[in-house]
Each structure stands twice: as C-alpha cells, then as structure tokens.
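Geometric and topological summary
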Amino acid sequence: MLTIHAAPLVLPVGAAAVVDGAVAVDGDRIAALGPYEEVVAAYPAARVRRWPGLLTPGLRQDRARELLVRCYHPDPREADELGELPLWGEEFERLAAAMDATRRAGSVRRGLQRMLRHGTTHVVGPFGADEPALRTAVSRSGLVQAPPPPVRGGVPDLDPFAAGGELAGTAHGPLTVGGRADLAVFDVPDEAALRAGGAGACVATVLAGRLVHRAR
C-alpha cells in the first residue's frame, strides 16, 4: 500500500528543508518528496500518516557492534536489579562471565529493538561468519549493514547523536525519490533541537517502507 508520511518539517539531507512536507512511500521505495499538498495531490488514494516534529533519513549507528557484543541490554523484568540502560565495562564483564547463549541472544535482540527506537536504520559491523547468531539477528531485524566510519572512543550509546555531529553526518544518507524508504521521525521542532536532545525523541522509524517503531 502506498503511504504518505507527513511532518511539519522534512529534512532530506543534501537538499532544502521542506516546511509542512511529506514523503510518499511505495513498497520499499520513496515515490515522491515535497510539500504536503503537492504530494497528496499526486497520490490522492494513499494512506496518510501525520507525525509531529521532524522527518529525516534514518540514522546510522556507528557503534552497533560494540552495543551488541560488549554491552548487556537488560530485560524489562531485570530493571529493578540492573536498571534499564545498557551495561558496559566491568558490569558487562561480570554478567558475561555467567551468561549463557540464550541470555546473550536476548540481549542482542533487545539491543536491536532499542536501536530502532532511536531512529536507527543502518548499523556498522562487522558481523562476521564466526558469529552466526549475531549475524542472523542483525539480518532478521532488517537493519542495513553499513561500512565502518573512523573509529571512535568512549562508551557507546544507543543515541547516534551522543558523540556529536550534524544530521548530515549521522543519517544513513539523503532521502531521494527512487531511493530506499528508510525514515525517522522525531518530536522536535528542528535539527538544533534534535542534536541537543538526542534521538530518544524518536516517535517513528520506517525501515524499507515498513513502520517498525511507533511511539504514539
């Protein structure tokens, strides 16, 4: 079904921002991008999803491998004991020493789900042949594997903006007609607010045309 995603501001990256903009998605591809009225007029039978805030390309998570293999993502049932944030460093090592394959796989799945909740559509590996369970989990998630950027230090974070940087350097690439429909929507008024507040403001993630995360 052809769907139009509309927002008060669309930032395609590499092109001018569109106030009261929209992106028409047909299957896994972008069919049109522009002012809402023009897109709706071109596709009057399309389903329309109206979102608050800012619509952008999906984000790239440069620290995905570390977040999946060097962090533990607690199950909600463990929140009282372990909290809700990824555990890293000594806390992770302590858990990993007694962690079986089932518990590790659960952490990986939750990590991937939480990336989607932060507007991530592309992840940086490598996810090699020597780790079939990890490679399978990433493949099943639908997230696109991206080539590695320059190495960054510090503690990895689910928020791709945590290390700083503009949208152009954090998005997977520009939104273009005919390109794959990987989108993210954030309940913020502009890019400055997105960078300041982070990707936790994500209210929707569209992966290859599929709505894979919706916060409202």
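Report on the accompanying structure. Computed from a predicted structure; not experimentally measured.

The subject of this paragraph is the pairing of strand S13 (residues 210-214). Across four bridges, strand S12 (residues 202-207) lies against S13 in antiparallel orientation. Pairing of Leu 207 across the sheet is with Arg 210, part of S13.

A word on the packing of aromatic side chains. Taken as a whole and assessed by the stated rule, the structure comprises zero aromatic pairs. The ring of Tyr 36 has Arg 50 sitting right over it, with the charged end atom 4.0 Å from the ring centre.

Moving on to the layout of surface pockets. In this structure, the largest pocket encloses a volume near 440 Å³. Listed by contribution, the elements that provide at least two residues to the lining of the largest pocket are helix H2 (64-69), helix H5 (101-116) and helix H6 (132-141). Sorting elements by how many residues they give to the lining of the largest pocket places H5 first, with eight residues. Taken together, 16 residues line the second largest pocket, and the ones lying closest to its centre are Glu 84, Leu 85, Pro 86, Arg 114 and Leu 158. In the lining of the second largest pocket, the residues fall into nine nonpolar, two polar and five charged.

Tracing the backbone through its elements, the reader meets Asp 182 in the loop between helix H7 (167-170) and strand S11 (183-186). If near-sequence neighbours (up to four positions away) are discounted, Asp 182 is found in contact with Thr 56, Pro 57, Gly 58, Thr 121, His 122, Val 144, His 172, Leu 175, Val 206, Leu 207 and Ala 208.

The three strands lie next to each other as S6-S9-S10, forming an open sheet whose pairing is parallel. Pairing within the sheet leaves two strands with one partner each, and these edge strands are strand S6 (59-61) and strand S10 (144-146). Along the sheet, successive strands turn relative to each other by an average axial angle of 40°, direction set aside. Inspection of the sheet shows strand S9 (residues 120-124) paired to S10 by three bridges, in the parallel sense. The residue bridging Val 123 from the neighbouring strand is Gln 145, located in S10.

Attention shifts here to empty space enclosed by the protein. Enumeration over the complete set of coordinates arrives at one cavity of 30 Å³ or more. For the largest cavity, the calculated volume is near 30 Å³. Considering the residues around the largest cavity, the lining is formed by Leu 68, Cys 71, Tyr 72, Phe 92, Met 99, Arg 104 and Ser 107. Listing elements by their share of the lining of the largest cavity, those giving two or more residues are strand S7 (71-72) and H5. Residue composition of the lining of the largest cavity, by class: five nonpolar, one polar and one charged.

Core analysis: the biggest nonpolar cluster contains 17 residues, and Leu 68, Leu 112, Met 115, Val 123, Phe 127, Leu 134 and Val 138 have the highest contact counts within it. When residues of this core are traced back to their parent elements, those giving at least two are H2, H5 and H6. Membership of the second largest hydrophobic core comes to 15 residues, among which are Ala 7, Val 25, Leu 183 and Val 206.

For the structure shown, the criterion picks out eight salt bridges. Across the pair Arg 29 and Asp 28 runs a salt bridge whose closest N-O atoms are separated by 3.4 Å. For Arg 29, a relative accessible area of 37% corresponds to the partly exposed category. In this structure, the salt-bridge partner of Glu 78 is Arg 103, at a minimum N-O distance of 2.8 Å. Here Glu 78 is found in the loop between S7 and helix H3 (79-82), whereas its partner Arg 103 is found in helix H5, with 25 residues between them in sequence.

Here we come to H6. Within H6, the full set of buried residues consists of Leu 134, Ala 137, Val 138 and Ser 141. The buried residues of H6 all sit within an arc of 95° when viewed along its axis, so they share a single face. Exposed residues on H6 whose side chains face more than 90 degrees from its buried face are Ser 139 and Arg 140. Residues of H6 that are buried in the fold lie against H2, H5, S9, S10, S12 and S13. Backbone geometry just after H6 places Gly 142 at a positive phi near 85°.

The rules behind each value
Residues numbered from 1 in each chain as written. Predicted model: local features only at pLDDT ≥ 70, side-chain atom pairs only at ≥ 80, totals over all residues. Heavy atoms only, no water. Pairing = 2+ DSSP bridges. Helix = DSSP H or I, 4+ residues; strand = E, 2+ residues; numbered from the N terminus. Phe/Tyr/Trp six-rings, centres within 6.5 Å; stacked < 30°, edge-to-face > 60°. Lys NZ or Arg CZ within 6 Å of the ring centre and 35° of its normal. 1 Å grid on protein atoms, 1.4 Å probe; cavity = no way out; pocket = protein on both sides within 12 Å on 5 of 7 lines; lining within 4 Å. Points joined across faces, edges and corners; volume = space filled by probe spheres on them. Nonpolar A, V, L, I, M, F, W, Y, C, P; charged D, E, K, R; others polar. Contact = heavy atoms within 4.5 Å. Axes fitted to C-alpha atoms, helices over the stretch in contact; angles between N-to-C directions. Core = buried A, V, L, I, M, F, W, Y, C linked by side-chain atoms within 4.5 Å. Buried < 20%, exposed > 50% of the residue type's maximum accessible area, 1.4 Å probe, protein only. Salt bridge = Lys/Arg side-chain N within 4 Å of Asp/Glu carboxyl O. Arc of directions from axis to C-beta.

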